[in-house]
Amino acid sequence: MNKAERISSETQVLMLGIGQAARSAARVLAVASTDRKNTALIAAANALRTATPAILAANAQDIAAAKSADRPASFIDRLLLDDKRIEAIAKGLEDIAALADPVGTVLAEWTRPNGLKFQRVRVPLGVIGIIYE
């Protein structure tokens, strides 16, 4: 297996693990209170800020590898993280925490002629992902 194939395989394993962890977390989050979800979002934002030096160091390695692979400048720009971009990610998490929790909101309700009542209620859909290239 060459280096590119090994990296691809490692990436697939990593992404599968992340997906499985997200699925497990979704079960817990489905019944979590708004306060608990918001606390987790704020903690994630703070963790990003705390880990910024380590994130930037790892990103510098990614940038160096991209440059040595002769990737286009546009690719490298999308790959590049800096303090401002990491802060924007953290702020995005805080912005989500500041929103009203939609889970449990009744979108519509109606009663059938036989007396059976229906409600369309918002439920948890998934997880928050932040993708940068």
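Heads up: these notes are all about the structure in this document.

Cut-offs applied
Residues numbered from 1 in each chain as written. Predicted model: local features only at pLDDT ≥ 70, side-chain atom pairs only at ≥ 80, totals over all residues. Heavy atoms only, no water. Axes fitted to C-alpha atoms, helices over the stretch in contact; angles between N-to-C directions. Helix = DSSP H or I, 4+ residues; strand = E, 2+ residues; numbered from the N terminus. Parallel < 35°, antiparallel > 145°, perpendicular 65-115°, else oblique. Contact = heavy atoms within 4.5 Å. Nonpolar A, V, L, I, M, F, W, Y, C, P; charged D, E, K, R; others polar. Pairing = 2+ DSSP bridges. Expected span 1.5 Å × (residues − 1). Buried < 20%, exposed > 50% of the residue type's maximum accessible area, 1.4 Å probe, protein only. Arc of directions from axis to C-beta. Phe/Tyr/Trp six-rings, centres within 6.5 Å; stacked < 30°, edge-to-face > 60°. Lys NZ or Arg CZ within 6 Å of the ring centre and 35° of its normal.

### Thoughts on the packing of helix α2 (residues 34-50) against helix α3 (residues 52-68)
- Their axes nearest at 5 Å, the elements α2 and α3 cross at an angle of 60 degrees. In terms of their interaxial angle, α2 and α3 are classed as oblique. Note on element contacts: α3 touches α2 through T52, P53 and I55, opposite L48, R49 and T50.
- Residues that form the contact of α2 with α3 fall into these classes: three nonpolar, two polar and one charged.

### Digging into the environment of A60
- Relative to the helices and strands, A60 resides in helix α3.
- A sequence separation of 20 residues divides A60 from L80, and the C-alpha atoms of the two residues are 7.9 Å apart.

### Points about the pairing of strand β1 (residues 106-111)
- In this structure, β1 lies alongside strand β2 (residues 117-121), joined through five bridges in antiparallel fashion. Along β2, the bridge assignment pairs E109 with Q119.
- Counting the residues that bridge the hairpin from β1 to β2 gives five residues, and of these G115 lies at a positive phi of roughly 95 degrees.

### Here's the deal with α2
- Taking 1.5 Å of rise per residue, the 17 residues of α2 would be expected to cover 24 Å, and the 24 Å separating its terminal C-alpha atoms lies within 8% of that figure.
- Among all positions in α2, only K37, L41 and A45 are buried. On an axial view of α2, the arc spanned by its buried residues comes to 80 degrees, and they lie on one face. Across α2 from its buried face, at more than 90 degrees, point the exposed residues D35, R36, T39 and T50.
- Where α2 is buried, its residues touch α1 (3-29) and α5 (83-98).

### Thoughts on the packing of aromatic side chains
- Under the counting rule described, the total for this entry stands at one aromatic pair.
- A ring pair is formed by W110 and F118, whose centres lie 5.6 Å apart and whose planes are at 10 degrees; its orientation type is stacked.
- For F118, a relative accessible area of 34% translates into the label partly exposed.
- Note that R71 overlies the ring of F75, its terminal NZ or CZ placed 5.2 Å from the centroid.

### A short note on the environment of W110
- Structurally, the position occupied by W110 is in strand β1.
- With relative accessibility at 38%, the residue W110 sits in the partly exposed group.
- Taking the C-alpha atoms as reference points, W110 and R120, ten residues apart in sequence, are found 9.1 Å from one another.
- Apart from the residues within four sequence positions on either side, W110 is in contact with L116, K117, F118 and R120.

### A closer look at the side chain of K37
- The topology assignment puts K37 in helix α2.
- Not counting residues up to four positions away in its chain, the partners in contact with K37 are L29, A32, D101 and V103.

### Regarding the environment of I55
- Looking at where I55 falls in the secondary structure, it is placed in helix α3.
- Here I55 falls in the partly exposed class, since its relative accessible area comes to 24%.
- Separated by 26 residues in the primary sequence, I55 and L81 have C-alpha atoms spaced 8.3 Å apart.

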